[in-house]
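Single-letter residue listing:
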Amino acid sequence: MDVLLLFTLLCLKADFSDGVLITQWPKYISRLSGSSVEMHCYQNDTEYNYKYWYRQIKGEGPVLIGSNDFNSPSYEKGFEKGFTISGTETKKWTLKVDVKKGTDAVYLCAAIVCCANYQAYFGNGTKLTVLELDHTKEPDVEILKPSEIETGCDEYEPESYVNSAQWMKLAYGVFIAKSGLYGLVVLVYVMRKIFLTFRFHSQAAEITLPKVKILPPSPNELCSENKTEKWSTLVCVATGFYPDHVSVSWKVNGEERQDRVSTDASARQDKTTLMYRISSRMKIDDMDWIDPKNNFTCTVHFFNGKQYVTVANTINGQKVKPKGLKLLGFGYILFLSKSLLYALVVAGVVCKLKFSAKKKQLPED
């Protein structure tokens, strides 16, 4: 966000300062297409007359929507329709957006005392998410033209009348079979779309809380002979939530942990169910993990459109057999096996010598 604000201020040829507070609300908005939403800004300590609204689409830079100088709105090219800037008070101004596909973005307000070379002040931004709804597509309908045999008007000769009648029956049978097959395909297509609509409608159109799970370090990571560091990885996975207004945090024994933590930059969406998922990883000391008294908590903070809801999961440390003891047990088994093999070889040699000695003592015939 700091890079975004710096870019915008350079475009305005103005310096940025945190000396004046601009309050912007709400922080998140989620709506279906066809509705309209409003977002507001308020100057807490100032009464600047030059006020602006910007839009930033994900992956792009901010674009000026319009201004409300001295409570007189004006719009940039491309924003004349679907956007309404208003505000009769000096301190407060409002942006109304007609929600439709493509209006997903972060909207920012700004205020400046005058023109270039003056300080500009920005709100924290409002993220607008357009909720998606899977509509059932109507089947394509095609009217088949009558066959040439069916519409033929020429008189049949007596000797060819029977053959023509048979061909007409065959064509009519093929037509009935094709019509029945086509109707069956259309029915299956419609039923499938209806099933998918009823199955995913509530998930796609309604706010859905995430499910949180913590995956422990893998045995290969803990006991690898080629391991060069004493750290192992816990993975927190949050799935099945909508929309993507989430953040993830970790705690160890009730204390927040921020170092050695890596979280996905943004949630990923399943194109079929429209649900989101996000993961976060935390490196922990091997000795902390093998102590069952330690507990590790992953908390997902989810904004449901009205308030923040937290969903958490906790996992305790697990006692792991040290790698040295495993190697010692294996070595002991190998030692016993070699000793037994050696004993069998010695016994065989002794038996052979005894047999040879008895054979020499036998009298000659």
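What you see is a predicted model; the values in this text were computed from it and never measured.

Looking now at the nonpolar core. Generally speaking, soluble globular proteins have nonpolar side chains that are buried together. Of all hydrophobic cores here, the largest spans 27 residues; its most connected members are Leu234, Phe241 and Phe296. Not counting residues up to four positions away in its chain, the partners in contact with phenylalanine 296 are Ile214, Leu234, Lys251, Val252, Met282, Ile284, Asp288, Trp289, Asn313, Thr314, Ile315 and Gly317. Val20, Leu95, Tyr107 and Val130 belong to the second-largest nonpolar core, a separate cluster that totals 23 residues.

This paragraph deals with the sheet that holds strand β8 (residues 92-98). Taking strand neighbours across the sheet as the criterion, the four strands line up as β1-β3-β8-β7 in an open arrangement whose pairing is antiparallel. Two strands in the sheet have a free side with no partner beyond their single neighbour: β1 (22-25) and β7 (83-86). Shown here is a sheet whose adjacent strand axes are inclined to one another by a mean of 15°, direction ignored. In the sheet, β7 pairs with β8 via four bridges, with the strands oriented antiparallel. Bridge pairing in β8 places phenylalanine 83 opposite valine 97.

Ordered by their spatial adjacency, four strands build an open sheet running β15-β14-β19-β20, and the pairing between neighbours is antiparallel. Strand pairing shows two members of the sheet lacking a second neighbour, β15 (255-257) and β20 (308-316), which therefore form its edges. In this sheet, adjacent strand axes meet at a mean angle of 30° when their direction is disregarded. Taken together, the nine bridges between strand β19 (residues 295-303) and β20 define a ladder with antiparallel strand orientation. Residue pairing for β20: threonine 299 is matched across the bridge by alanine 312.

A separate point is the state of the cysteines. Each disulfide consists of one covalent bond between the sulfur atoms belonging to two cysteines. Under the counting rule described, the total for this entry stands at two disulfides. The side chain of cysteine 41 participates in a disulfide bridge whose partner is cysteine 109; the two sulfur atoms lie 1.8 Å from each other. Taking the sign of the S-S torsion, about -85° here, the bridge from cysteine 41 to cysteine 109 comes out left-handed. Within this pair, whereas cysteine 41 is found in strand β3 (residues 36-43), its partner cysteine 109 is found in strand β9 (residues 105-112), the two being separated by 68 residues in sequence. Like cysteine 41, the residue cysteine 109 is buried in the burial classification.

With the rule as written, the count across this model stands at four salt bridges. Residue lysine 127 is joined to aspartate 244 by a salt bridge in which the shortest nitrogen-to-oxygen separation is 3.5 Å. Remark: aspartate 244 occurs in the loop between β13 (231-241) and β14 (246-252) and lysine 127 occurs in strand β11 (residues 126-131); sequence separation between them is 117 residues. Accessibility expressed as a relative area gives 18% for aspartate 244, which makes it buried. Two residues, aspartate 264 and arginine 281, come together in a salt bridge whose shortest N-O distance is 3.1 Å. A residue pair is termed long-range when its members are at least 10 positions apart, and aspartate 264 in the loop between β16 (261-263) and β17 (268-269) and arginine 281 in strand β18 (residues 276-285) qualify at 17 residues. Owing to a relative accessible area of 27%, arginine 281 belongs among the partly exposed residues under this scheme.

Calculation criteria
Residues numbered from 1 in each chain as written. Predicted model: local features only at pLDDT ≥ 70, side-chain atom pairs only at ≥ 80, totals over all residues. Heavy atoms only, no water. Core = buried A, V, L, I, M, F, W, Y, C linked by side-chain atoms within 4.5 Å. Buried < 20%, exposed > 50% of the residue type's maximum accessible area, 1.4 Å probe, protein only. Contact = heavy atoms within 4.5 Å. Pairing = 2+ DSSP bridges. Helix = DSSP H or I, 4+ residues; strand = E, 2+ residues; numbered from the N terminus. Axes fitted to C-alpha atoms, helices over the stretch in contact; angles between N-to-C directions. Disulfide = S-S within 2.5 Å. Salt bridge = Lys/Arg side-chain N within 4 Å of Asp/Glu carboxyl O.

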